[in-house]
2 protein chains.
Amino acid sequence: MAGSLKVGLAGLGTVGSSVVRILQDKAAKLAAKAGRPVELVAVCAKEVRDKNLDLATVRWVDSPTALAADPEIDVLVELMGGEGDPAKTTVETALKSGKHVVTANKALIARHGAMLARAAEDRNVAFNFEAAVAGGIPVIKTLREGLVANRIDRVWGILNGTCNYILTRMLDEKLSFEDCLKEAQRLGYAEANPAFDIDGFDTAHKLAILTSLAFGTEIDCDAVYVEGVRSISLADLEMADELGYRVKLLGVAVRTDSGIEQRVHPTMVPKESPLAQVGGVTNAVKIDGDAVSLTLIGPGAGGPATASAVVSDLCDIARGDRIAPFGRSVDRLVRPRRAPMQHHAGGYYIRLAAVDKPGTAATIARRMADEMISLESIVQRRRGSRGEAQASADAPVPVVLITYATSEDAVRRALAAIERDGVVVGSPQVIRIEQN
Amino acid sequence: MAGSLKVGLAGLGTVGSSVVRILQDKAAKLAAKAGRPVELVAVCAKEVRDKNLDLATVRWVDSPTALAADPEIDVLVELMGGEGDPAKTTVETALKSGKHVVTANKALIARHGAMLARAAEDRNVAFNFEAAVAGGIPVIKTLREGLVANRIDRVWGILNGTCNYILTRMLDEKLSFEDCLKEAQRLGYAEANPAFDIDGFDTAHKLAILTSLAFGTEIDCDAVYVEGVRSISLADLEMADELGYRVKLLGVAVRTDSGIEQRVHPTMVPKESPLAQVGGVTNAVKIDGDAVSLTLIGPGAGGPATASAVVSDLCDIARGDRIAPFGRSVDRLVRPRRAPMQHHAGGYYIRLAAVDKPGTAATIARRMADEMISLESIVQRRRGSRGEAQASADAPVPVVLITYATSEDAVRRALAAIERDGVVVGSPQVIRIEQN
């Protein structure tokens, strides 16, 4: 058996601690599978999450950049996180020192992926980041290797466990968004500052990485249209349920006539579709290729699951597999043509608070017709139905429209006209529909 | 860019024709991804399925074994099928001539996988067979590489599209098994001789391969317990539906205290589980590891999907990735301890045709209790319910039992006792339940 692959690990939080455990507990099995031992030789960390880790045989290094340049290590594992320093300099230093790098850092890849991939390619070292997207689901490997023969037309999925937990739980337990978020925070499924997750930016980072791999384009994180889940009410989830849909925060990247559309927003998917069935913190990715449409469902976060992806990357390196980080040389990635969101085509769910007076429904229908928007269904509830608290006689009534495929532009124009007509109160709720 | 990888292809049926098309139509993209061209240089086939293929630039070779030893080729793609010759000799010849081999031949792998893997390892060439299991789903890569850090406890799934089509369609359209089979044959989803699919042997071959990869054991196809779907009636599917289950033909390999259990049989899975949702000819595999539980859903057959897997294997070879065919050296595969089916533990669905006389239910319940079998539910219908044709007064009545977890042994003993008691007519229908 060949000499061991010597690993330096920066970051001993939840994931880093799990990586140490796997490398130690499964050393013999991993060596058999990789063809050589994968050995942790040095670490660098501000604090150690798992206090029971046995790090007696491991050398401590003071700074992550020193670890990155350490002559003893073959590969640096970066698990500190954050798009800036120290992660960025650490990874750059390692690559420029001719070390392989494995990272779970989605923000770093989303912002600096091309630059880092070029550094890796220049030195002919590996730069692997399976753990950066969808945790334990091997979606990077699937896109980069398993579906290599496919022209990918769409990659989309549930990429944030926090949001999926909240949306699932709200409907199951009839909770408001705020109460559900508080519960998620109490259980550790949401951060004290939840903005990054619930406002969709975490999903956007992951989507930008998948987009690059799927379409062979340069990462363009700023081109992602982003809407989070704060505006979703229990009423929307219940109405969706009634109409045969589930609401999920999806990241969707799709090849369209006007370019690559990248978007993150609450999305209605038909109940019987695989993504609709995925509840709780679980992630799921669907890849629609010209030969294969594949759905992958699994854990998107957590120490052991994410560490599983990190160790898989390490074993690929130990085995000698060298693949371009983005599946082809970074010089071959093309600049994506960005499809503007106003050209987005699809169905829409629109919930309006309509003024309860004669002619309101006719006005709404007319404005839709003016924009050539066909309606699949209109639901107008009489006041006080579904056990709602008794409302005063002049309170608005909810009107829900489901449209057939139309354009974002048309919907926005129609809604602006309806608002000008003075037949609705407040802002309309708009949720895009994605067909399987 | 390095020199091209030169491919010889034996077999130009549905899959072979699709492989040719992909290699030709996507030559530039594949070269960019693999780092070098993947070039079809020679073929051998009895007939060509796709009459529009352009094979003008490709050399024809008379026999597959001559192709296997052809000095010009680097890799042989075997798409003839069949566990015996010519496939076996062709693949052996290629490996012994120092050529890489890619095959979609599950029967060959299931029967001779270890011998062929050893030949490949001796020559340090690749022997890849992604297309042999679940068509376009990259389940081999996922087990062998993506989940390399996991101890796998169970791998299970829907591995035969024909059976899944029939079981889905029977329930949706209220068809008998025989009518549904005829329709599947007419539509090309079932062979004229459907035995290999519907009696479970195709699933058993695929399961035996997955078992070896999941548990690091030698392939033992003969250890697979096999029951097909011929005995499944519409009444069973409807009763399962009513009780919250779907019936699927599953292949299940699971690590138990008494060894590795490998079984193929109609199985009831809870309706809300991912596998229950998979309808039609689609395949699905669930892999339960200690760090990651993953579900993969995709096309299990068809030219383009299967060819996608073949080309993925070719690109791995072109890139220089060499992995042991079964994920570790064949000499490290352990002889599996075979868990006998009578030790199988789980829940059961049992449908009996009970004699309609006082004491029958008590007798059945007593025999179950004697074997310490707890019942989750008992459904006994009065005669003529559910729109059944009017039956005579002494016709048997259906009794359905759902048990809590028990053992195969206990169930068999209880049913034998019930039959001896003379309170049932004909053979009981027994369907095992698999929990998610």
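The shown structure was predicted, so the numbers you read here are calculated from the model rather than taken from an experiment.

1. Focus on the packing of aromatic side chains
Given two aromatic rings, one states the distance between the centres and the angle between the planes to describe the pair.
All names here are of chain A.
Point 1. Throughout the structure, instances matching the rule amount to six aromatic pairs over all chains.
Point 2. With centroids separated by 5.4 Å and ring planes inclined at 45°, the aromatic side chains of Phe129 and Phe326 adopt a geometry described as tilted. Highlighted residues: Phe129 in the loop between β6 (127–128) and α6 (139–146) and Phe326 in the loop between α12 (303–319) and β13 (345–354), separated in sequence by 197 residues.
Point 3. Three or more aromatic residues joined by ring pairs form one cluster here, namely Phe127, Phe129 and Phe326.
Point 4. Its end group placed over the ring of Phe129, Arg144 keeps NZ or CZ at 5.8 Å from the ring centre.

2. Some words on the pattern of salt bridges
Any two side chains of opposite charge can pair, given that their charged atoms come close.
Point 1. The tally for this structure, following the rule as stated, stands at 82 salt bridges over all chains.
Point 2. Of the charged contacts, one joins A:Arg169 and A:Glu173 as a salt bridge, the two residues approaching to 3.7 Å between their closest N and O atoms. Taken as a pair, A:Arg169 and A:Glu173 lie in helix α7 (residues 161–173) at a separation of four residues, close to a single helical turn.
Point 3. For A:Glu173, a relative accessible area of 41% gives the class partly exposed.
Point 4. By sharing partners, the salt bridges in this structure join A:Lys141, A:Glu145, A:Asp316, A:Arg319, A:Asp321, B:Lys141, B:Glu145, B:Asp316, B:Arg319 and B:Asp321 into a single network.

3. A look at helix α10 (residues 201–215) of chain A
Point 1. Look at α10(A): 21 Å from first C-alpha to last across 15 residues, which is about the 21 Å you get at 1.5 Å a residue.
Point 2. With its phi angle positive at about 70°, A:Gly216 sits one or two positions after the end of α10(A).

4. Notes on the state of the cysteines
Residue and element names in this part refer to chain A.
Point 1. Using the criterion set out here, one finds zero disulfides over all chains in the structure.
Point 2. Its sulfur unpaired, Cys221 is 16 Å from the next cysteine sulfur, which belongs to Cys163.
Point 3. Using a relative accessible area of 10% as the deciding quantity, one classes Cys221 as buried.

5. As for the interface of chain B and chain A
Point 1. Residue-level contacts link 43 residues of chain B with 43 residues of chain A.
Point 2. For the pair chain B and chain A, the two sides together bury roughly 3,600 Å², of which 57% comes from carbon and sulfur.
Point 3. On the chain B side of the interface with chain A, the three residues burying the most area are B:Lys33, B:Val148 and B:Ala149, jointly 17% of the side's total.
Point 4. Counting across the interface, chain B meets chain A through eight salt bridges.
Point 5. When the shortest N-O distance is used, the salt bridge between A:Lys26 and B:Asp290 registers 2.7 Å.
Point 6. Put simply, chain B and chain A have 17 residue pairs in polar contact (both at pLDDT 80 or more) between them.

6. Some details on the sheet that holds strand β5 (residues 100–103) of chain B
All names here are of chain B.
Point 1. The strand order β3-β2-β1-β4-β5-β6 describes an open sheet built from six strands, whose pairing is parallel. Bordering the open sheet on either side are β3 (59–60) and β6 (127–128), each of which pairs with just one other strand.
Point 2. Pairing geometry for strand β4 (residues 75–78) and β5, over four bridges, is parallel. Each residue of the ladder has a partner; that of Val77, found in β5, is Val102.
Point 3. Running at roughly 165° to β4, helix α4 (residues 87–96) makes contact with β4, β5 and β6 of the sheet.

The rules behind these values
- Residues numbered from 1 in each chain as written.
- Chains lettered and ligands numbered in written order.
- Predicted model: local features only at pLDDT ≥ 70, side-chain atom pairs only at ≥ 80, totals over all residues.
- Heavy atoms only, no water.
- Phe/Tyr/Trp six-rings, centres within 6.5 Å; stacked < 30°, edge-to-face > 60°.
- Helix = DSSP H or I, 4+ residues; strand = E, 2+ residues; numbered from the N terminus.
- Lys NZ or Arg CZ within 6 Å of the ring centre and 35° of its normal.
- Salt bridge = Lys/Arg side-chain N within 4 Å of Asp/Glu carboxyl O.
- Buried < 20%, exposed > 50% of the residue type's maximum accessible area, 1.4 Å probe, protein only.
- Expected span 1.5 Å × (residues − 1).
- Disulfide = S-S within 2.5 Å.
- Contact = heavy atoms within 4.5 Å.
- Buried area = accessible area lost by both parts, 1.4 Å probe.
- Polar contact = N/O pair within 3.5 Å; in protein donor to acceptor, adjacent residues only side chain to side chain.
- Pairing = 2+ DSSP bridges.
- Axes fitted to C-alpha atoms, helices over the stretch in contact; angles between N-to-C directions.

Honestly, it's all geometry; don't read function into it.
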